[in-house]
Amino acid sequence: MAAPHDGPWLDDAAGRLIRPYTVSGGRTRPTAQLDLLTQVLATGGPPLGYLGPEHTEALGLCAAPTSVAEIAAQLKLPAVVTKVLLSDLVDCGALTLRAPDFYHNPTDRSLLEAVLDGLRRQL
């Protein structure tokens, strides 16, 4: 039976009841240039066109700048499917994109050690 907060798309015993590619209409390529660190933000304007339940849920997660990776994790969808959903929202004017901020060196040793420490605490 589906958990109340998961709606009809998830089942406790069976897991996801629909295939992830069904969520994106079988599309595997986003129309917008997105990577996992791209920040997306809701514009506040009404989206033009039909939105599926996953689109609506993704849009709700974008009230503040949020990374594509975080949204994929929250939606429990593969990153490529999430990118397609988010690019749909960009195309209909509901989201804006901001490239990742690389003021910090992504290979900075102290940053990598902090990430490793955080992962170890989670295990």
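Preceding block: the structure.
Residues numbered from 1 in each chain as written. Predicted model: local features only at pLDDT ≥ 70, side-chain atom pairs only at ≥ 80, totals over all residues. Heavy atoms only, no water.

Trainee: Just to check I follow, could you spell out a nonpolar patch on the surface for this structure?
Mentor: A contiguous nonpolar patch, built from Leu111, Val115 and Leu119 and spanning about 250 Å² of accessible area, is present on the exposed surface. Along the polypeptide, Leu119 turns up in helix H5 (residues 109-122). (Patch = residues over 30% accessible without salt bridge, like charges linked within 9 Å, V, L, I, M, F, W, Y side chains within 5 Å. Areas by Shrake-Rupley, 256 points an atom, 1.4 Å probe, with all protein chains shown as cover. Salt bridge = Lys/Arg side-chain N within 4 Å of Asp/Glu carboxyl O. Helix = DSSP H or I, 4+ residues; strand = E, 2+ residues; numbered from the N terminus.)

Trainee: What's the story with helix H3 (residues 68-75) in this structure? I'm lost.
Mentor: Since the α-helix turns once every 3.6 residues, residues separated by three or four places project in the same direction. Here H3 has its buried residues at Val68, Ile71, Ala72 and Leu75. Viewed along the axis of H3, the buried residues span an arc of 100°, placing them on a single side of the element. Looking one or two residues past H3, Lys76 carries a phi angle of roughly 60°, positive in sign. (Buried < 20%, exposed > 50% of the residue type's maximum accessible area, 1.4 Å probe, protein only. Arc of directions from axis to C-beta.)

Trainee: In this structure, what is going on with unusual backbone geometry? I would like to understand it.
Mentor: What you tend to see is this: most non-glycine residues have negative phi, and most peptide bonds are trans. The phi dihedral of Lys76 falls on the positive side, at around 60°, and the residue is not glycine. As for its placement among the helices and strands, Lys76 is situated in the loop between H3 and helix H4 (79-91). Under the relative-accessibility criterion, Lys76 is labelled exposed at 55%.

Trainee: Explain the packing of helix H2 (residues 53-60) against H3 to me, please; I cannot follow it from the model alone.
Mentor: It is the contact of H2 with H3, at a shortest axis distance of 10 Å, that shows an interaxial angle of 130°. By the angle between their directions, the pair H2 and H3 is classed as oblique. Handedness of the crossing formed by H2 with H3: right-handed. Residues Glu54, Glu57 and Ala58 of H2 touch H3, and the partners they reach there are Ile71, Gln74 and Leu75. Per-class residue counts for the contact of H2 with H3 are three nonpolar, one polar and two charged. (Axes fitted to C-alpha atoms, helices over the stretch in contact; angles between N-to-C directions. Parallel < 35°, antiparallel > 145°, perpendicular 65-115°, else oblique. Left-handed = near helix turned anticlockwise from the far one by under 90°. Contact = heavy atoms within 4.5 Å. Nonpolar A, V, L, I, M, F, W, Y, C, P; charged D, E, K, R; others polar.)

Trainee: Got a minute to help me understand H2 in this structure?
Mentor: All buried positions along H2 are accounted for by Glu54, His55, Ala58 and Leu59. Projected down its long axis, H2 carries its buried residues within an arc of 135°, all on one side.

Trainee: Please explain the packing of H3 against H4 as it appears in this structure.
Mentor: How two helices pack is summed up by the angle between their axes together with the distance between the axes. Between H3 and H4, the least distance of the axes is 9 Å, while the angle of their chain directions is 105°. For the element pair H3 / H4, the angle class is roughly perpendicular. Here H3 contributes Val68, Ile71, Ala72 and Leu75 to the contact with H4, which in turn contributes Ala79, Thr82, Lys83, Leu85 and Leu86.

Trainee: How should the environment of Val81 be read in this particular structure?
Mentor: Inspection of the secondary structure puts Val81 in helix H4. Considering only alpha carbons, one finds Val81 and Pro30, 51 residues apart in sequence, at a separation of 8.4 Å.

Trainee: Would you mind going over the sheet that holds strand S4 (residues 66-67) with me for this structure?
Mentor: Across a sheet, paired strands are connected by hydrogen bonds in the backbone, their directions being either parallel or antiparallel. Overall, antiparallel pairing links the three strands, which are arranged S4-S3-S5 in an open sheet. Each edge of the open sheet carries a strand with a single partner, namely S4 and strand S5 (95-98). Strand direction decides the pairing type here: strand S3 (residues 39-42) and S4, joined by two bridges, are antiparallel. Of the residues in S4, the one forming a bridge with Val40 is Thr66. (Pairing = 2+ DSSP bridges.)

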